[in-house]
Amino acid sequence: MTVASTTTPSSSSRRVSYFYDAEVGNYHYGQGHPMKPHRVRMTHNLVVNYGLYKKMDVFRPRLISPTAMTRFHSDDYINFLKVITPDNMSDYTRQLQRFNVGEDCPVFDGLFEFCQLYTSGSIGGAARLNDDNADVVINWSGGLHHAKKAEASGFCYINDCVLAILELLKKHERVLYIDIDIHHGDGVEEAFYSTNRVMTVSFHKFGEYFPGTGDVLDIGYADGKNYAINFPLNDGMDDESYQSVFKPIIAKVMEHFAPGAVVLQCGADSLSGDRLGCFNLSVKGHAECVSFVRSFNIPTLILGGGGYTLRNVPRCWAYETAVAVGEPVKDDMPFNDYYEYFGPDYSLHLPVSNMENLNSKEYLNRTKEQLIDILREVEPVPGTQIQTGQVESQLAPRGMNMEFDDPSMADGGNASANNPDQRSDGRSDGRKEHPAEMAS
């Protein structure tokens, strides 16, 4: 099985960077919780064993400071996340309720460090795109799109998507956010609902489904009117139906909005057989979205997101890594540390189910035309400041002093010409890998 090459440039013409920290798989939301950071480690193991890491610059993200998180989030909320632990929860009963932490978003050991890890990959990736050191950056630990300014939501604590977009806005006049998670990207939409410098486009299950937002009539407010695009979908969405709406909408967005950079959230809970999802997409159908977005050759930050069937998420994200680098991969899975998870067929691609598609062609076409009409109203060049409620973020052109844990060095290529497993240290957007990360 090979990657479709019709919409992807050759690997020689694309510079792909990949952010990963081996520690991310050590964090645990708690027994029975569907969100498992371990899936990112499983994905990385497949990326290594398929040899895809040799085609990318691989970085361990350099940790950002808590101050950098307050570009979007409130000081009180960040300070709370820094101090809360399973041992002192009884002292913070009021704050737990205020910040919506406790059930869907539990307190667990190392919570704030986990937030730092996944957020640092997204901000570091955006900085790398801004410096023109990559055409595509991948951070599978990111994409936690539900977090609000002062509230955790839907397994998300820090909204790395919003922080990455704010970083990209320092260089780019317009940034496009695309969300193919089955859940509406409400946290990102809300953050940029009244600005015309960020367009948010979300394809999601709608109707008695978390988070309950994302109606087709929600199109933005004030200067942001027509800059929030929502495609509400029903159960059973399959590859053909998905592409019949995704490609025309995104093509029209590119035509009218002309973004300088793209953030693509690739939540894998829209796959067939997801523990919490109800769509029927194949890995190839999901990855076709990545392929199509890349065909526009716009600097792109690719993030993870949802995905709750542990054996399927790594399949999807490893394949999408291959699509991003333009490298064919075999359907037969190479031996890896988690090989037994992928039985009994041990293949990258799985058949979809025979569930009914409740999205009629009439409904899809009607909604598609409705959204295309909205996009025709988009002005050619926006000119207002970005407003997310934080003082710093209102000054979009101002550079951001990223407070890293170590001083940075001059940038340069990070892979040795003789040894692609060897990575450099001491740079502003990444640091040296754990010795065991590249063991295949």
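Throughout this description, residue numbers start from 1 for each chain and increase along the sequence as written. Local features in a predicted model are, by the rule used here, given only for residues with pLDDT of at least 70; side-chain atom pairs are given and counted only at 80 or more, and totals for whole chains, interfaces and linings are based on all residues. As a rule here, side-chain values come from all non-hydrogen atoms in the structure, and water together with hydrogens is ignored.

Q: Before we move on, could you go through the packing of aromatic side chains and cite the residues and values that matter?
A: The criterion for an aromatic pair is that two Phe, Tyr or Trp rings (for Trp, the six-membered ring) have centres within 6.5 Å, with stacked assigned to planes under 30 degrees apart, edge-to-face to planes over 60 apart and tilted to the rest. Within this structure, the stated rule accounts for 23 aromatic pairs. Ring plane angle 50° and centroid distance 6.0 Å describe the contact between Tyr-29 and Tyr-157, whose orientation is recorded as tilted. With a gap of 128 residues between them, Tyr-29 in the loop between strand S1 (16-19) and helix H1 (38-49) and Tyr-157 in the loop between strand S3 (136-139) and helix H6 (160-168) connect regions that are remote in the sequence. Take Tyr-29 and Tyr-157: they sit in the same class, and that class is buried. Among the aromatic residues, those joined into a ring-pair cluster are Tyr-27, Tyr-29, Phe-108, Phe-114, Tyr-118 and Tyr-157. Each ring is checked for a lysine NZ or an arginine CZ that lies within 6 Å of its centre and within 35 degrees of its normal; such an atom marks a charge sitting over the ring. Here the basic side chain of Arg-174 rests over the ring of Phe-257, its NZ or CZ set 5.1 Å away from the ring centre. Secondary structure follows DSSP: runs of H or I at least 4 residues long count as helices, runs of E at least 2 residues long count as strands, and numbering of each begins at the N terminus. Residue exposure (1.4 Å probe, protein chains only): buried if accessible area is under 20% of the type maximum, exposed if over 50%, otherwise partly exposed.

Q: Explain the sheet that holds strand S5 (residues 198-205) residue by residue, including any values.
A: Two strands form a pair only when DSSP identifies at least two bridges running between them. Sheet architecture is open: eight strands sit in the order S2-S1-S3-S8-S7-S4-S5-S6, paired in parallel fashion. Edge positions in the open sheet fall to strand S2 (57-59) and strand S6 (228-233), since each of these has one partner strand only. When strand polarity is set aside, the average angle formed by the axes of neighbouring strands in this sheet is 15°. By the bridge criterion, four bridges tie strand S7 (residues 261-265) to strand S8 (residues 300-303) in an arrangement that is parallel. Paired with Val-263 across the bridge in S8 is Leu-301. Axis angles are defined between N-to-C directions and span 0 to 180 degrees, where every axis is a line fitted to C-alpha atoms and, for a helix, only to the segment in contact.

Q: Lay out the packing of H1 against helix H10 (residues 313-325) with the relevant residues and their values.
A: At a closest axis distance of 8 Å, the pairing of H1 and H10 adopts a crossing angle of 45°. If you check the angle between H1 and H10, you find them oblique. The chirality of how H1 crosses H10 is right-handed. For the pair H1 and H10, the contacting residues are Arg-39, Val-40, Met-42, Thr-43, Leu-46 and Val-47 in the first and Val-313, Pro-314, Arg-315, Trp-317, Ala-318 and Thr-321 in the second. Here the word oblique covers every angle except those under 35 degrees (roughly parallel), over 145 (roughly antiparallel) and from 65 to 115 (roughly perpendicular). Crossing handedness follows the turn of the near helix against the far one: under a right angle anticlockwise gives a left-handed crossing, and clockwise gives a right-handed one. By definition in these notes, contact holds between two residues if any of their heavy atoms fall within 4.5 Å.

Q: Give me the lowdown on the pairing of S5, citing residues and values where you can.
A: In terms of burial, S5 is largely enclosed, as eight of its eight residues are buried. Here S5 shows a buried face lined by Val-198, Thr-200, Ser-202 and His-204 and a second buried face lined by Met-199, Val-201, Phe-203 and Lys-205.

Q: Mind laying out empty space enclosed by the protein, listing which residues take part and the relevant values?
A: Of the two site types, the cavity is a set of points on a 1 Å grid over the protein atoms alone where a 1.4 Å probe fits but cannot get out, and the pocket is an open set with protein on both sides within 12 Å along at least five of seven lines, each lined by residues with an atom within 4 Å of a point. Grid points are joined across faces, edges and corners, and a volume is the space filled by probe spheres set on the points. Under the counting rule described, the total for this entry stands at three cavities of 30 Å³ or more. The volume enclosed by the largest cavity comes to roughly 50 Å³. Lining the largest cavity are 14 residues, and of these His-145, His-146, Cys-156, Gly-306 and Tyr-308 sit closest to its centre. Note that Gly is not counted as nonpolar here; it falls among the polar residues with everything else outside the nonpolar set of Ala, Val, Leu, Ile, Met, Phe, Trp, Tyr, Cys and Pro and the charged set of Asp, Glu, Lys and Arg. Within the lining of the largest cavity, the residues separate by chemical class into four nonpolar, eight polar and two charged.

Q: A description of the nonpolar core should follow, citing residues and the corresponding values.
A: Nonpolar cores are built from buried Ala, Val, Leu, Ile, Met, Phe, Trp, Tyr and Cys residues. Side-chain atoms within 4.5 Å join them into one set. Membership of the largest hydrophobic core comes to 135 residues, with the highest contact counts inside it found for Tyr-157, Met-199, Phe-203, Tyr-242 and Phe-246. Beyond its immediate chain neighbours, meaning those up to four positions away, Phe-246 contacts Ile-178, Ile-180, Phe-203, Cys-289, Phe-292 and Val-293.

Q: Residue-level account of H6, with values.
A: Each turn of an α-helix holds 3.6 residues, which means side chains three or four residues apart point in the same direction. Burial analysis of H6 places nine of its nine residues in the buried class, which makes it a mostly covered element. Among the residues making up H6, those that are buried are Asp-160, Cys-161, Val-162, Leu-163, Ala-164, Ile-165, Leu-166, Glu-167 and Leu-168. Counting of polar contacts relies on pairs of N or O atoms within 3.5 Å, with two restrictions inside protein: one atom must be capable of donating a hydrogen and the other of accepting it, and residues adjacent in sequence are counted only when both atoms are side-chain atoms. The backbone nitrogen of Cys-161 has a side-chain oxygen 3.2 Å away, supplied by the residue at the start of H6, namely Asn-159.

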